[in-house]
Each structure stands twice: as structure tokens, then as C-alpha cells.
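# Structural overview for review
One letter stands for each residue in the lines below.
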2 protein chains.
Amino acid sequence: MGDPTFFLGIDGGGSRCRARLTDESGKKLGEGITGAANIRLGLDAAWSAILGATDQALSEAGLNADILNRIHAGFGLAGVCGPADVDFLLSGKSPFASVRVETDAHTACLGAFAGGDGGILIIGTGSVGYALIGGVAQSIGGWGFEISDDGSGAAMGRAAIRAAVRAHDGLSAASGLTNAVLAKLGPPARIVEWASTAKPGNYASFAPLVLEHALQNDTVALEIIRHGAARLDAHIKRLLELGAPQICLMGGAAGAIEPFLADWARASLVAPKGDAMDGALLLARRAA
Amino acid sequence: MGDPTFFLGIDGGGSRCRARLTDESGKKLGEGITGAANIRLGLDAAWSAILGATDQALSEAGLNADILNRIHAGFGLAGVCGPADVDFLLSGKSPFASVRVETDAHTACLGAFAGGDGGILIIGTGSVGYALIGGVAQSIGGWGFEISDDGSGAAMGRAAIRAAVRAHDGLSAASGLTNAVLAKLGPPARIVEWASTAKPGNYASFAPLVLEHALQNDTVALEIIRHGAARLDAHIKRLLELGAPQICLMGGAAGAIEPFLADWARASLVAPKGDAMDGALLLARRAA
């Protein structure tokens, strides 16, 4: 009998990288967590995050780097856009027996439905839908703040800021929300400066304020959330049309938005069976 | 009797600078036109545009630079945000007997109502409302593409592009407009690249496509235009509330949008009595 084989699942998101190590039977041996593994931040940064999280998982398992070449790994990484990115990532850098790479949305969907058919809708700073139907992947929306990402935290934050600027100029009604935004950002001349360097994450930082005021029946906040929720309903409708039998919501704004979705959309929602590391482990097992 | 005095009106916009020279009686002697005089492009560029247009006007009048120190000038310049900008512009550079500087919106409004009360709504790449009531200036909107400028060419172009991306992903209905946008820009992966360097003017270049399709009853185009027109109605409502008895529409998109404004808003519209150079000449006369 040869040396035992191991499986590693990596969930490399925009802000953190998590690793889970299992034995051949699927039993969890250890986990680790480091910083962002988005490959847009560079090859060295991505590998540093991945190997750092792996080291922690090995350490928790009482193992060391000697066994890296007996590990079959699956990576779900933010920022992976195609085969060129995968080739770039794997160019002579991998210490593992095998590596399969997909986007973090792909491994999240694999994990959520344990490899079965289903769709996920991620609602965080951005928004994106993803379905795996009979092994075929389809991505919906998620093209970024300027041209897409309806219903996302960034989109709702931007809508709140635009409404606040309108209210300041007497172009639409002021409300608790618009007053709160102006109290935070100052008058429009200051907001223009702020906006000149603001990233989607800066806009998304106003989404909790929108949700908070919506729960107090602020009409401006409710209009923003209802508009966003209707756009997210359309994502769910599309995922169902594509053949996803059920949908998992994910992302930092999912819980807050869920009550505003249409009844038929909420009826399609289920809790995920596993997380993105579980999905990455499935990827690794299928490759091995 | 001393040497005769002259008056010069400068309309320095974001893409061109125009000059008009008159005698003491207000009789037009000559005109000139050069490139952008937006002071955000730098002091030398602004003065070069202003003096170039002035040279042309002098030449048309059969005069030369000897009389510059007998000219009282009024400048309406894009990008002027406050007294610091005016001080900066005039710091030892002016060859004129006197200069008064205001924004191009201010001189446009002065010219449109010949110095009387009124409001203007400029609808071009951006959108901004401006009123002069009893000599008091008020500006409405116009804080730029990201946080303001509702109903502008850039806002309508962006809405068309976002609708096209949604249609591509099956999130909303396709139409002649969304097909035309995708034919021009390619699939979303290409639009993401385009958007990474796109300026408001690039978005605004899609506004004529929206108007063209709206006239063919394209439902997506009509929704975009009606939404923008409703926001522009709000600008007109606000200008009337502030005390403007009548409104002049201006800017490259004004003619196309006008039929979509509310009847009560259209009832307030009048043709301008003069242009921004006339307004700048009024400024110069008042200072002299």
C-alpha cells in the first residue's frame, strides 16, 4: 500500500483565503485562514495566501510540508477569468500532486449543492448569480459596479448617495436616510471629492444605513431596497429558468435583503449543504 | 474725450472658447473661437484659448493688441468653483482694463434673460440647473456623473449600457436598443474593459442611440428617456419654486429631450434672449 493521499480545498476570496485539509475518506484534518488570494493582486500574493492557509491546516493536522506532493488541491479563486489565468497561476509554482482551479463562485455553488444541480446568488459589495446544471456552469450579472451588479451593496449605497444629493438641492424629498448620508459625507461639494477616489466598497459601506432606515419605514430607503430586490428577483428567476431547482443566497448583504424578495423567489431558497471549501474539495476529488 | 473703450464677452466651455467684442454702444465688432478654456486644464491653456479667441475678434474688427488695455472683459468659464479659482486666473496675467469672472452657467443665464430673472437647464454630457433671481445665483444638480447629473446624456447612455448587459444575461427583455448597444460594444466581458477607462463623454455618446430608438417606440429606450425626463422636470420645478419666472433649455441634448418633458414644465420654457457671450458682455459692462 502506498503513502496516503490528502485533499485540500481553498476558498480564495477578495478579502481572505481559507483552506480545509481532509484525508482520503473526507474526514477533516485541519483548517487555515489568511489574507486575500484574488489573483488580480499578483501571482506571489495569491500563492503566499494559499500556502499560508495550507501551512496552518497542515499544522492543525499535525502534518508538515513533506506531504504537499501527496495533496490533491481544488482552488476557488476570486478574479479567475479564464484558462490563461489558470495557466499563469500554475506555471511551475504548485507543490501539490494536482490542482484544479475555478472561480470562487463555482466552488461556492459546488459546495452549496454538494456537486448537484443548483444556483447561488451572491449579494455583497457586488452581486452575481451562478448556476451548475448537469455540470454546465452559467454566470448571470456580476460585471461590476459601473455596468452591472444590480441590487448589490455598492449599488444600494450609490443610490442612497445620489438621493441625498438630490434632496440637498431640493430635487426630491429629504428623509432620515438622506439626512444621515449628508451628515456622514457633508454637502455635495465634499461628496464630489469623496467620489473622485471612492471604490465600490466605499459605496457599499452605506448599504447598512439604507437597510437600517428601510426597517424604520423611511420611504427613500424602502424605494432603494425594493428596486434592488426586484433586480435580485430577476436573477433568481433567470437561475430557475436555466434549470436550477433551488437557490442559495450568499454574501454579506444576503440576510438583510432576503425579506424584501418576492414570495415566489423566497420559496426557491434553501440553506447551503456545504461551503466553498467543501466545493473546492469536491473539485480536487473529481480531478484525482 | 479719451480713447474709446471696448467690451469683450468670453464663453469658455469644456470643448471650445468663444469671444465677442463690442464697442461702447454694444455694437458687435468681431468674434473668435478656439479650444477649451476650462481652467481645470491649467492656467496657460485657459489664457491661451481666451487670448486666441480675442485675437480673432480683434482681427475681424480691424483692431490689434494695442487696445487690449482699453477692453473691459467678462469671462464665463467652465470649471470655476470659487474666488480662489478667479484669483488664480487673474494673478498678473490679464492684459485687460478689467475682468469679471463667473461660471459658464452664470453667463449663460445672464445672457438668456438679458440680466433679468430666470432659470436655465443645461442638458448635455452632464445636466445642471441655474437660476438668477434678483441677482442671487442658485445652482441645482450638476455634481457630476457618479453622484448627480440625472437626465444627462451620460446618465442616459449609462442606463442604456446597463440595460444591454442585463438583456445579454437574460435578466430583462432585449430590444432594438439593447441589441444596438451590444453590437457596438460587444459582450459584457468587452464592456467591462471599455468601462474601465470610459469617461462621462463616452457614456454620453450612446444618448443619441437611446433617442433614436425611443422615437421608434423601443420600450427600453422609452423607459430610460421617461425616467431621465422626469428627473429634468424636477429640476424645472425647483427652478420655478426658487422664483424663476421662465426657463431656457440649453445644451446638446436639450432639443431631443424637450418633447418628453411634462406639459407644465414645457409651458415654462422660453427661447433665450441672448447667448453666453452676451451674458459675459453684460458682466463686463456692469463691472466697468
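Residues numbered from 1 in each chain as written. Chains lettered and ligands numbered in written order. Predicted model: local features only at pLDDT ≥ 70, side-chain atom pairs only at ≥ 80, totals over all residues. Heavy atoms only, no water.

### Quick look at the pattern of salt bridges
If you walk through the whole model with that rule in mind, you get 25 salt bridges over all chains. Note that R18 of chain A and D11 of chain A form a salt bridge whose closest N and O atoms lie 3.2 Å from each other. Classification of D11 of chain A as buried rests on a relative accessible area of 12%. Two residues, D278 of chain B and R20 of chain B, come together in a salt bridge whose shortest N-O distance is 2.7 Å. In this pair, D278 of chain B is assigned in helix α12 (residues 276-287) and R20 of chain B in strand β2 (residues 17-22), connecting sequence segments 258 residues apart. Accessibility expressed as a relative area gives 29% for D278 of chain B, which makes it partly exposed. (Salt bridge = Lys/Arg side-chain N within 4 Å of Asp/Glu carboxyl O. Buried < 20%, exposed > 50% of the residue type's maximum accessible area, 1.4 Å probe, protein only. Helix = DSSP H or I, 4+ residues; strand = E, 2+ residues; numbered from the N terminus.)

### A look at the sheet that holds strand β6 (residues 118-123) of chain A
Residue and element names in this part refer to chain A. With mixed pairing, the 4 strands of this open sheet are ordered in space as β8-β7-β6-β9. Looking at the sheet topology across the chains shown, the edges are occupied by β8 (136-140) and β9 (247-250). Taken over all neighbouring pairs, the strand axes of this sheet differ in orientation by 15° on average, direction set aside. When strand β7 (residues 127-133) meets β8, the two strands line up antiparallel, connected through 5 bridges. (Pairing = 2+ DSSP bridges. Axes fitted to C-alpha atoms, helices over the stretch in contact; angles between N-to-C directions.)

### Points about the relation of the copies chain B and chain A
It takes a turn of 180° to lay chain B on chain A, together with a shift of 0.0 Å along the axis; the resulting RMSD is 0.1 Å. What the superposition gives is, in effect, a two-fold axis relating one chain to the other. Minimal C-alpha distance to the rotation axis in chain B is attained by E146 of chain B, lying at 4.7 Å. Of the interface residues in chain B, 100% have counterparts in chain A that sit at the interface too, so the contact is made through matching surfaces. (Least-squares fit on C-alpha atoms with pLDDT ≥ 70 in both. Contact = heavy atoms within 4.5 Å.)

### Quick look at the interface of chain B and chain A
The interface is formed by 28 residues belonging to chain B together with 28 residues belonging to chain A. A buried area of about 2500 Å², summed over both sides, lies between chain B and chain A, and 55% of it is on carbon and sulfur atoms. Ionic pairing is found between D150 of chain A and R162 of chain B, a salt bridge with its closest N-O pair at 3.0 Å. The interface formed by chain B and chain A holds 16 residue pairs in polar contact (both at pLDDT 80 or more) in total. Looking at the side of chain B that touches chain A, the elements with two or more residues in it are β8 (136-140), α4 (153-168), α6 (188-197) and α9 (219-241) of chain B. (Buried area = accessible area lost by both parts, 1.4 Å probe. Polar contact = N/O pair within 3.5 Å; in protein donor to acceptor, adjacent residues only side chain to side chain.)

### Points about the sheet that holds strand β3 (residues 28-34) of chain B
Residue and element names in this part refer to chain B. Ordered by their spatial adjacency, 5 strands build an open sheet running β3-β2-β1-β4-β5, and the pairing between neighbours is mixed. Of all the strands in the sheet, just β3 and β5 (98-103) have a single pairing partner and so form its edges. Direction aside, the axes of adjacent strands within the sheet are offset by 15° on average. Taken strand by strand, helix α1 (residues 43-61) contacts β1 (6-12), β2, β3 and β4 (71-77), and its axis lies near 145° from that of β3. On top of the sheet, helix α2 (residues 83-90) reaches β4 and β5; it is set at about 140° to β5, its chief contact.

### A word on α9 of chain B
Residue and element names in this part refer to chain B. Over its 23 residues, α9 extends 32 Å from the first C-alpha to the last, a length consistent with the 33 Å expected when each residue adds 1.5 Å. Among the residues of α9, the N-terminal cap falls to D218, whose side-chain oxygen and the backbone nitrogen of V220 are separated by 3.0 Å. Just downstream of α9, G243 is the residue with a positive phi angle, here 115°. (Expected span 1.5 Å × (residues − 1).)

### Considerations on unusual backbone geometry
Residue and element names in this part refer to chain A. The backbone of D149 shows a phi angle near 60°, a positive value even though the residue is not glycine. Assignment of secondary structure puts D149 in the loop between β8 and α4 (153-168). With a phi angle near 65°, N217 is a residue other than glycine that sits in the positive phi range. One can find N217 in the loop between α8 (207-214) and α9 (219-241).

### Some points on the domain arrangement of chain A
According to the domain assignment, chain A contains domain 1 (6-114 + 273-287) and domain 2 (153-266). For domain 1 of chain A versus domain 2 of chain A, the separation of C-alpha centres amounts to 33 Å. (Domains from an automatic or database assignment.)

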